[in-house]
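Per-entry structural report
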Amino acid sequence: MGIAADIAIIVVAALVGGLIAQRLRQPLILGYIVAGIIVGPNTGLISVSDAHDIELLAEIGVGLLLFALGIEFSFKELAPVRKIALIGTPIQMALTIAVGWGVGALFGWSWYISLWFGAMIALSSTMVVLKTLMSQGRMGTLSSRVMIGMLIVQDLAIVPMMIILPELSNLEAGLPAVGWAILRAALFVIVMIYGGTRIIPKLMAYIARWNSRELFLLCVTAIGLGVGYGTYLFGLSFAFGAFVAGMVLSESDHSYQALSDIIPLRDLFALIFFVSVGMLLEIDYLIANWQMVLIIVLIVAVAKAAIFGGISLAFGYRNVMPLALGIGMFQVGEFSFVLARTGIQSNSIEPELYSLILSVAFITMIVTPIAASAVGPLYALRKKYFKYEPLQSINLPDEGLDNHVVIAGAGRVGQYLAGVLQRLGLNYVAVELDQKRIDQCKERGIPVIYGDASQEVVMEAAGIEKARLILITTPTLEITRTVVNLVHRLRPDLHIVARVESIEEMEKLHEMGVYEVVQPEFEAGMELTRQALLHLKFSAQEIQRFTDGVRQDLYGPLYHAQNAYDMVATMQNAQRLMELEWMKVPESSPMIGESIQELDVRSRTGASVVAVLHAGDLITNPNPDYAFDNGDMVAILGNHEQRAHFADVMRCEAAQLEPVLDLA
């Protein structure tokens, strides 16, 4: 069967390897690499008949990996951590390359081989880091944002390294070649920016109008691989062209659908790529050189952990951040395999170095989840025996925090809540890690702590042990879940009110024991509906019955286990029916000069006068002998019919006593 049989062997072996990796809570790529080792030509077991053909297919996997990376790339993701990502990451890579150079000197390698080795170990694993963060519930934390930002920049760096490194084998001829390659790359990017951004989005829109998913997928694949092949003919890397095509496509209105459609195809060919990586591993080399491999693994792990930790400190990230970055990103990543394959194909490196970097990457990837789980205990140990940095806090009360509300997130919603709590005279503190929002809180006098609400040290600084309530305002479910898990661990009895974006998220948070969940879009929609029905002259009772029914359908199942929703809904219904309405007394009103007792308001209308605004003074619960004056603002409490009866009875014409403000 030839290549068809080889693909069948690879897919089945990858499935088995992936299942084992999933069972062991390891990234799937490790299972794929092990599968490649087993079906490779070096084990003597069932193996593929033509490894070269598989390597050619693997090139498509590399192109699709970078094509999808280009579509997903967004400067918005780098914005919160842009300084450490855009400045710190190049520094980290340069320092790691220097470490690789030192390792090469230690083992007597040439400068060129040492440079390749340093470049390959400078890259961390996006897949392993994301898998570890998700499995440990740390997605959405500040440390995860920094890691993802740095990983994005590292992944982008693979493109220029694939262009430049192969040209450095001969400096005299290589430097002009590098310059010419850079010039060609710049020319290609300019053409794609000014031509591709005009042609590709229009082509995507034209194909999308036919509503053919097959044609749409074919179009997306043709753009990624076709542009990649064009750059190959232009004398540049196939993967570089695919990446640029992805970036151009990301500007299209159809980018999300394109990414959604291309991901299964990308994953399939990426599977073939990682299996082919394992096929090239020399088992005999690993056994013969295991001591050197372990020494290099230790050097790389310790050096990269120290570099990431130092970069974190240099950019002002304190407390647990240096540990989290150092231990979370010390591994050698999957794009190192891409770079190594480029080195093999260009005859820049020997197969022995390829086997070495594969062994080092494989071991560091396996160790990463185990090492990352030690971040919490190590930080607790550090706090116990060493002084740790205080958190930045602004406007905190001198007497400290006690019986207060913690607001996790000081964006627009968080600042609004802070303003309400401030007017009510309640103690509160906000937690925020965006410096722009911190400055806004400082200007408004809001007590705020700079930090990540999902970190224990930050919650301790916010006085979680003495808090009476925590409000989580972030719309991101992963961040909310991380904060909820932390609060449950520190204060299991503390009530949590959280914001969500969908019904599914509401259910998930209620399953986690969140006291109350609010969906802003639903509440806004209900208020718009209520205002529309009022405008259409529906009675208050009809509107309330409708909205209560909708709320019951949404919230009822979530509160069913507590048997509390029906009672709460009934109380809220009664409260809404007794609406408060302000009315202005006009000049011609017959009630001017008459007292509340003389008018016999309560018995004649059923409504109650609960307040009067007279000449700028607010009179609450006015005495029965209070006489109304021209221009008084009268607060009437009652249902819709009672308030309407008050307006009809107490004036000569129905239009004279007009409602001017409805606070319901």
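Before going into details, it helps to say that this report is about the structure given with it. (Residues numbered from 1 in each chain as written. Predicted model: local features only at pLDDT ≥ 70, side-chain atom pairs only at ≥ 80, totals over all residues. Heavy atoms only, no water.)

Bridge analysis of strand S2 (residues 405-408) against strand S5 (residues 469-472) gives 4 bridges, and the strand direction is parallel. For Val405, the partnering residue across the bridge sits in S5 and is Leu469. Taken together, S5, helix H22 (residues 477-490) and strand S6 (residues 496-499) constitute a β-α-β crossover, and its handedness is right-handed. (Pairing = 2+ DSSP bridges. Helix = DSSP H or I, 4+ residues; strand = E, 2+ residues; numbered from the N terminus. Right-handed = clockwise from strand over helix to strand, strands pointing away.)

Before going further, it helps to examine the side chain of Thr89. Summarising the element assignment, Thr89 is placed in helix H5 (residues 82-106). The buried category is assigned to Thr89, whose relative accessible area is 0%. A distance of 2.7 Å separates the side chain of Thr89 from the backbone oxygen of Ala85, its partner in a polar contact. Setting aside residues no more than four positions away along its own chain, Thr89 makes contact with Ile84, Met150, Val153 and Gln154. (Buried < 20%, exposed > 50% of the residue type's maximum accessible area, 1.4 Å probe, protein only. Polar contact = N/O pair within 3.5 Å; in protein donor to acceptor, adjacent residues only side chain to side chain. Contact = heavy atoms within 4.5 Å.)

Turning our eyes to something else, we now look at the packing of helix H2 (residues 28-39) against helix H12 (residues 255-279). Between H2 and H12, the shortest axis-to-axis distance is 6 Å and the interhelical angle comes to 50°. Considering their axes alone, H2 and H12 lie oblique with respect to each other. Seen along the crossing, H2 lies across H12 with a hand that is right-handed. Here H2 contributes Ile29, Tyr32, Ile33, Gly36, Ile37 and Val39 to the contact with H12, which in turn contributes Leu271, Phe274, Val275, Gly278 and Met279. For the contact of H2 with H12, the class distribution of residues is 9 nonpolar, 2 polar and no charged. (Axes fitted to C-alpha atoms, helices over the stretch in contact; angles between N-to-C directions. Parallel < 35°, antiparallel > 145°, perpendicular 65-115°, else oblique. Left-handed = near helix turned anticlockwise from the far one by under 90°. Nonpolar A, V, L, I, M, F, W, Y, C, P; charged D, E, K, R; others polar.)

So, about a nonpolar patch on the surface. Among the surface-exposed residues, Leu203, Tyr206, Trp210, Leu215 and Leu218 lie close enough to one another that they form a single nonpolar patch of about 490 Å² accessible area. Secondary-structure elements contributing two or more residues to the nonpolar patch are helix H9 (171-208) and helix H10 (213-233). Within the element layout of this structure, Leu218 appears in helix H10. For Leu218, a relative accessible area of 54% corresponds to the exposed category. (Patch = residues over 30% accessible without salt bridge, like charges linked within 9 Å, V, L, I, M, F, W, Y side chains within 5 Å. Areas by Shrake-Rupley, 256 points an atom, 1.4 Å probe, with all protein chains shown as cover. Salt bridge = Lys/Arg side-chain N within 4 Å of Asp/Glu carboxyl O.)

Spatial relationships are all this shows, so hold off on functional conclusions.
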